[in-house]
Amino acid sequence: MDFGWSEQQDALRGKVVEFLRDHLPDGWQDIAALSPGSQEVTDFSREFCPKLAEAGLLASHWPPEFGGRDAPAWDHFIIGEVMWEAGEPRGPQYYNVNWIGPTILHYGNEEQKAQHLCRMMQGDVIWCQGFSEPSGGSDLAAMRTRAERDGDRYRINGQKIWTSYARLAEFCFLLARTGAGKRDISVFLIPMDRPGITVRPIESVVGDGDLHEVFFDDVEALESERLGPEGKGWDVVRYSLNFERVGIPRYALALRTLHAAVADLEASGSFTETARLAAALAMSSCEAARMLVYEAVDQRSKSAPGTGIASMARYAVVLAERQVADFVLDWTPHLFVSETNPMVATHHKRAIAAGLAAGAAEIQLNLVARDMLGLGT
Ligand SMILES: Cc1cc2nc3c(=O)[nH]c(=O)nc-3n(C[C@H](O)[C@H](O)[C@H](O)COP(=O)(O)OP(=O)(O)OC[C@H]3O[C@@H](n4cnc5c(N)ncnc54)[C@H](O)[C@@H]3O)c2cc1C
């Protein structure tokens, strides 16, 4: 692959870097080191995202009628790289622009698009994603939450788990069973203040406010809140997961963390040959992951059908993040308590979670075997 950025793409990257310089407050790193679902980061995102929208950088890849300017998929990705490297000032709103919005754009009717995309473009709405259940997150087909039809509405009963951002979310992108068949599922766009929804936080290594259990007790959903045809939720989910798996350029923060560790070793005169080799291996993993992710984005930008590349890229990203986390742990463990670089410890926690969030790493390998190697069904 002969890969290089165009002048226009370089200029865009420069514009986003400058935007961050102008809009991130002193002490931003201490805020960013909390989780994206914390109250502090969420509150900040509500101030930051409207300004990003005003600068044409929140969802430039959307059509003009929903506040975008039909920019190429690459533009949004470049913006995402700079954001993630800086500690993701969009907070939980990265969900909206990376994959929930694009999925609504593809499967939504005109009312749904007008309601949700315009709201996302205001930069103050938080969404959560209700897929995983206690019976298992990998096997979505074993899901138990049911949406029973009742005339022109549904009654939803069940439980979700590991739901990021649920406590502060206004809407849930919810998956529920709508028929007897194994794959008979549908997606609903449900307001989280609907009677019958209970949210319970789960304490976790990824930080305060990130993970939750969500209970649905006879929750009413309108037919107009279903995204796409009834029973076709599997297609919707596959579409959205292809975006989500490579939505976060995780290697960007990993590379920044690696550079911080190397700079620390150099400053103390302890960047030995062995450390140099380990750093080079971690860096090459990040670069390999970056190239695979670019291939997935390239496919998307050409609207090519998914070939499993998103799963392969996701797996490579997980490996690269872990390798950087291990490097820091082996060579510069004192950086975990660094006051000048709080994102180092944050990166480590995110690297631990990366192998599970958005689908377990092993499942990505299964998908690569099926979709790229033609092994099994
Ligand atoms: C930080 C974080 C945020 C998350 N946010 C959300 C969210 O917002 N919404 C949401 O719905 N979910 C969320 N999740 C849940 C996540 O999607 C699930 O953890 C993931 O899908 C795995 O499901 P599980 O935890 O039930 O593990 P399981 O599916 O039970 O898997 C357990 C282990 O078994 C392995 N395994 C399972 N089946 C197979 C197989 N067929 N072949 C090989 N190995 C297998 C898995 O790889 C894994 O290592 C989040 C998770 C994390 C860590």
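Conventions and cut-offs
Residues numbered from 1 in each chain as written. Predicted model: local features only at pLDDT ≥ 70, side-chain atom pairs only at ≥ 80, totals over all residues. Heavy atoms only, no water. Helix = DSSP H or I, 4+ residues; strand = E, 2+ residues; numbered from the N terminus. Rg over C-alpha atoms; globule rule 2.2 N^0.38 Å. Buried < 20%, exposed > 50% of the residue type's maximum accessible area, 1.4 Å probe, protein only. Contact = heavy atoms within 4.5 Å. Lys, Arg positive; Asp, Glu negative; His and termini not counted. Charge placed at Lys NZ, Arg CZ, Asp CG, Glu CD. Phe/Tyr/Trp six-rings, centres within 6.5 Å; stacked < 30°, edge-to-face > 60°. Lys NZ or Arg CZ within 6 Å of the ring centre and 35° of its normal. Polar contact = N/O pair within 3.5 Å; in protein donor to acceptor, adjacent residues only side chain to side chain. UniProt positions renumbered as here; feature names shortened; annotations may be inferred. Salt bridge = Lys/Arg side-chain N within 4 Å of Asp/Glu carboxyl O. Expected span 1.5 Å × (residues − 1). Bend = angle between axes of the 7 residues up to and from the residue. Near = heavy atom within 4 Å. Areas by Shrake-Rupley, 256 points an atom, 1.4 Å probe, with all protein chains shown as cover. Nonpolar A, V, L, I, M, F, W, Y, C, P; charged D, E, K, R; others polar. Domains from an automatic or database assignment.

Attention now goes to the overall build of the protein chain. For the protein chain, the count of helices and strands is 12 helices and 8 strands. The C-alpha atoms of the protein chain give a radius of gyration of 21 Å, which matches the 21 Å a tight globule of 377 residues would have. Projected onto the principal axes, the alpha-carbon positions of the protein chain cover approximately 70 × 45 × 40 Å. Residues classed as buried in the protein chain amount to 54% of the 377 residues present. Restricting to contacts in the protein chain with at least 6 residues of sequence separation, those with at least 24 account for 74%. Counting 36 positive and 52 negative side-chain charges, the protein chain places the centres of these two groups 5 Å from one another.

The next point concerns the packing of aromatic side chains. Scanning the model with the defined rule gives 22 aromatic pairs in all. Measuring from ring centre to ring centre gives 5.6 Å for Phe19 and Phe48, while their planes differ by 75°; the resulting arrangement is edge-to-face. Here Phe19 is found in helix α1 (residues 7-23), whereas its partner Phe48 is found in helix α3 (residues 39-54), with 29 residues between them in sequence. The two residues Phe19 and Phe48 agree in class, both being buried. Judged by centre distance (6.3 Å) and plane angle (85°), the rings of Tyr94 and Tyr165 are edge-to-face. Taken together, the positions of Tyr94 in helix α5 (residues 94-107) and Tyr165 in the loop between β3 (153-161) and β4 (171-177) put the pair 71 residues apart, joining distant regions of the chain. Given the relative accessible area of 8%, Tyr94 is considered buried. With relative accessibility at 4%, the residue Tyr165 sits in the buried group. Its end group placed over the ring of Trp5, Arg13 keeps NZ or CZ at 5.0 Å from the ring centre.

Glancing now at the side chain of Thr178. If you trace the backbone, Thr178 turns up in the loop between β4 and β5 (185-191). Residue class for Thr178 comes out buried when judged on its relative accessible area of 14%. At 2.7 Å, the side chain of Thr178 and the side chain of Ser186 are in polar contact. Look past the residues within four positions of Thr178 in its chain and what remains in contact with it is Ala147, Tyr154, Asp184, Ile185, Ser186, Phe188, Glu230 and Gly231.

On to the UniProt feature "domain: Acyl-CoA oxidase/dehydrogenase middle" (unreviewed entry) in the protein chain. In the UniProt entry, the feature "domain: Acyl-CoA oxidase/dehydrogenase middle" (unreviewed entry) is given for residues 128-219. Within the segment residues 128-219, helix and strand shares are 0% and 50% respectively, and the terminal C-alpha atoms sit 16 Å apart.

Turning our attention to the UniProt feature "domain: Acyl-CoA dehydrogenase/oxidase N-terminal" (unreviewed entry) in the protein chain. As recorded in UniProt, the sites labelled "domain: Acyl-CoA dehydrogenase/oxidase N-terminal" (unreviewed entry) are residues 6-124. Segment residues 6-124 splits into 65% helix and 0% strand. End C-alpha atoms: 32 Å apart.

Moving on, we come to the pattern of salt bridges. Under the defined criterion, the tally for this structure stands at 23 salt bridges. With its nearest N and O atoms 2.7 Å apart, the salt bridge here joins Glu225 to Arg194. Taken together, the residues span a long stretch of sequence, with Glu225 in the loop between β7 (211-222) and β8 (226-227) and Arg194 in the loop between β5 and β6 (197-202) at a distance of 31 residues. For Glu225, a relative accessible area of 11% puts it in the buried group. Across the pair Glu273 and Arg276 runs a salt bridge, and its minimum N-O distance is 3.6 Å.

With that settled, consider α5. For an α-helix, 3.6 residues make a turn, and residues three or four places apart therefore share a direction. Helix length check: α5, at 14 residues, gives a terminal C-alpha distance of 19 Å against a target of 20 Å (1.5 Å per residue), a fit within 8%. Considering bend angle alone, the principal kink of α5 is centred on Ile100 and spans about 40°; proline Pro102 follows within four residues of it. Among the 14 residues of α5, 11 are classified as buried, and the element is accordingly described as predominantly covered. Here α5 has its buried residues at Tyr94, Tyr95, Asn96, Val97, Asn98, Trp99, Ile100, Gly101, Pro102, Thr103 and Ile104.

A few words on the site of the ligand. Lining the immediate environment of the ligand, one finds 20 residues, of which Ser132, Gly137, Ser138, Trp162 and Glu362 sit closest. For the ligand, a nitrogen atom lies 2.7 Å from a polar atom in the backbone of Gln129. Protein chains bury 68% of the 970 Å² of accessible surface belonging to the ligand in isolation. Element by element, the count of residues in the shell around the ligand is highest for helix α12 (residues 361-371), at 3 residues. In terms of residue class, the shell around the ligand is built from 10 nonpolar, 9 polar and 1 charged. Summarising the domain contributions, the shell around the ligand has at least three residues from each of domain 2 (129-231) and domain 3 (246-371).

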